[in-house]
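A look at the structure
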Amino acid sequence: VGEAVAAIELEVEAQHQLSVDAVVVGDCPLDDDLRALLAAGREAVVNSAKWSGADVVSIFVEVEPARVSLFVRDRGVGFDLDGVDGSRRGIAESIRARIARHGGTSEIRSRPGEGTEVELTVPRNQKGDRPQTGDRTGTGDRPGPGDRPGPGDRTGK
């Protein structure tokens, strides 16, 4: 998990010319559910980089015995979640639906002028934390509308 978060940090900093501060507490091997968590988290970081106007985006990841939680925070302009055009599928598909498909939860808190916080949680693989191998795309997820490749999204693991 730690290496994948560091890759997101470096990639978004390079692509969007802003600072990404990442903190990871604990670590474990990646499986399909965690790849989906990281892909959804990356989408949230990219959204913050594009739309928040903040100079810094923060990522905090906590690996616990039963779950892994990922938080993305910015102190940018914020937005009214209810005011997001229904044709824009990034939050609905690339974050919420992706996490739900992996048995997780997502919560997005934002208000105009107050920044945004995205909280994503997925359960840990309780089978000895062995990486799952059924997904050949490397994303740990079935593609949905608005999905874009992220770190570790390679074919032929």
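Just above, that's the structure.
Now for a description of the structure that goes with this document. Predicted, not measured: the structure shown is a model, and the values here were computed from it.

Unusually for a residue other than glycine, Gln17 sits at a positive phi of about 50°. With respect to the helices and strands, the residue Gln17 is situated in the loop between helix 1 (2–16) and strand 1 (19–25).

This next bit is on the nonpolar core. The biggest cluster of nonpolar side chains holds 30 residues, and the ones touching the most others in it are Val12, Leu37, Ile59, Leu70 and Leu120. Of all the elements in the fold, those that place two or more residues in this core are helix 1, helix 2 (32–51), strand 2 (56–63), strand 3 (67–74), helix 3 (90–101) and strand 5 (116–123). Of the residues forming this core, the biggest block, eight residues, is contributed by helix 2. If sequence neighbours within four positions are ignored, Leu120 has contacts with Leu37, Ala40, Gly41, Val68, Ser69, Leu70, Ile95, Ile99, Thr105 and Ser106.

What follows covers helix 1. In a regular helix each residue adds 1.5 Å, so 15 residues correspond to 21 Å; helix 1 covers 21 Å between its end C-alpha atoms and thus fits that length. Listed as buried for helix 1 are Ala4, Val5, Ile8 and Val12. Angularly, the buried residues of helix 1 cover 100° about the axis, an arc narrow enough to put them on a single face. Residues of helix 1 that are exposed and point over 90 degrees away from its buried face: Glu3, Leu10 and Ala14. In this fold, the buried residues of helix 1 make contact with strand 1, helix 2 and strand 2. Phi for Gln17, located one or two positions after helix 1, is positive at around 50°.

Here the focus is the environment of Glu62. Of note, Glu62 is situated in strand 2. According to the relative accessible area criterion, Glu62 is partly exposed, its value standing at 29%. For Glu62 and Val25, which are 37 residues apart along the polypeptide, the C-alpha to C-alpha distance reads 4.8 Å.

Cut-offs applied
- Numbers given for residues are sequential positions, taken from 1 along each chain in its written order.
- The predicted nature of this model means local features are confined to residues of pLDDT at least 70 and side-chain atom pairs, given and counted, to a pLDDT of 80 or more, with totals for whole chains, interfaces and linings taken over all residues.
- Remark: hydrogens and water are excluded; side-chain values derive from all non-hydrogen atoms of the structure.
- In this description a helix means any DSSP run of H or I spanning at least four residues, a strand means any run of E spanning at least two, and both kinds are numbered starting from the N terminus.
- In plain words, nonpolar cores are sets of buried Ala, Val, Leu, Ile, Met, Phe, Trp, Tyr and Cys residues tied together by side-chain atoms within 4.5 Å.
- Relative accessibility under 20% of the residue-type maximum defines a buried residue, over 50% an exposed one, and the middle range a partly exposed one, all with a 1.4 Å probe and only protein chains included.
- Contacts: residue pairs with any heavy atoms within 4.5 Å of one another.
- One less than the residue count of a helix, multiplied by 1.5 Å, gives the span that helix is expected to have.
- Our arc is simply the arc of the directions from the helix axis toward the C-beta atoms.

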